[in-house]
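Summary of the model geometry
As a plain string of letters, each chain reads:
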Amino acid sequence: MDEEEEYDEWYCGPSKKELKEQADARRAKMLAEQSPPPRSQRKSHKKTPRRILIPVIDRERCVICGDRFDGPGHNPEPLKQKGRCCNTCNLAVINARWKML
Ligand SMILES: [Zn+2]
């Protein structure tokens with residue numbers, strides 16, 4: 001259980017124990033600096049707004065095929081007058097638009 005380093009008679013730098021003590025002191029200093037600032041200072045900290053994540057459940061449903069899709073979707077006219085459609089159905093929508101011309 002003896003963790004003493006091998007003795008090196010030529011080594012004149014800090015011993016492992018001293019190095020460890022220095023590291024501990026540095027760590028303690030760092031922790032002290034990281035401790036929360038007093039209230040008056042904390043007030044000036046601006047909270048970064050949380051990014052609003054769209055829950056999966058609220059994702060839009062394609063009005064043509066009924067699948068959920070990511071993103072804003074597409075206007076399904078003239079196939080549907082309301083809602084949004086997915087990328088796949090958008091191709092059919094575009095075809096329908098061409099036929100209308
Ligand atoms: Zn679709």
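Residues numbered from 1 in each chain as written. Predicted model: local features only at pLDDT ≥ 70, side-chain atom pairs only at ≥ 80, totals over all residues.

1. Focus on helix 1 (residues 16–34)
- Along its 19 residues, helix 1 runs 26 Å from first to last C-alpha, staying within 8% of the 27 Å computed at 1.5 Å per residue.
- With 0 of its 19 residues buried, helix 1 lies for the most part at the surface. (Helix = DSSP H or I, 4+ residues; strand = E, 2+ residues; numbered from the N terminus. Expected span 1.5 Å × (residues − 1). Buried ≥ 20, exposed ≤ 12 C-beta atoms within 10 Å, placed from the backbone.)

2. Remarks on the environment of Asp70
- Locating Asp70 in the fold gives a position in the loop between helix 2 (39–43) and helix 3 (87–100).
- Exposure remark for Asp70: the 11 C-beta atoms within 10 Å place this residue in the exposed category.
- Measuring from C-alpha to C-alpha, the distance between Asp70 and Glu60 comes to 7.4 Å, with 10 residues separating the pair along the chain.

3. Quick notes on unusual backbone geometry
- Residues Glu77 and Pro78 are joined by a peptide bond in cis, for which omega reads 10°.
- Structurally, Pro78 is set in the loop between helix 2 and helix 3.

4. Some thoughts on helix 3
- A rise of 1.5 Å per residue sets the reference length of helix 3, with its 14 residues, at 20 Å; its end C-alpha atoms lie 20 Å apart and thus fit the reference within 8%.
- The element helix 3 is largely exposed, with a buried count of 1 among its 14 residues.

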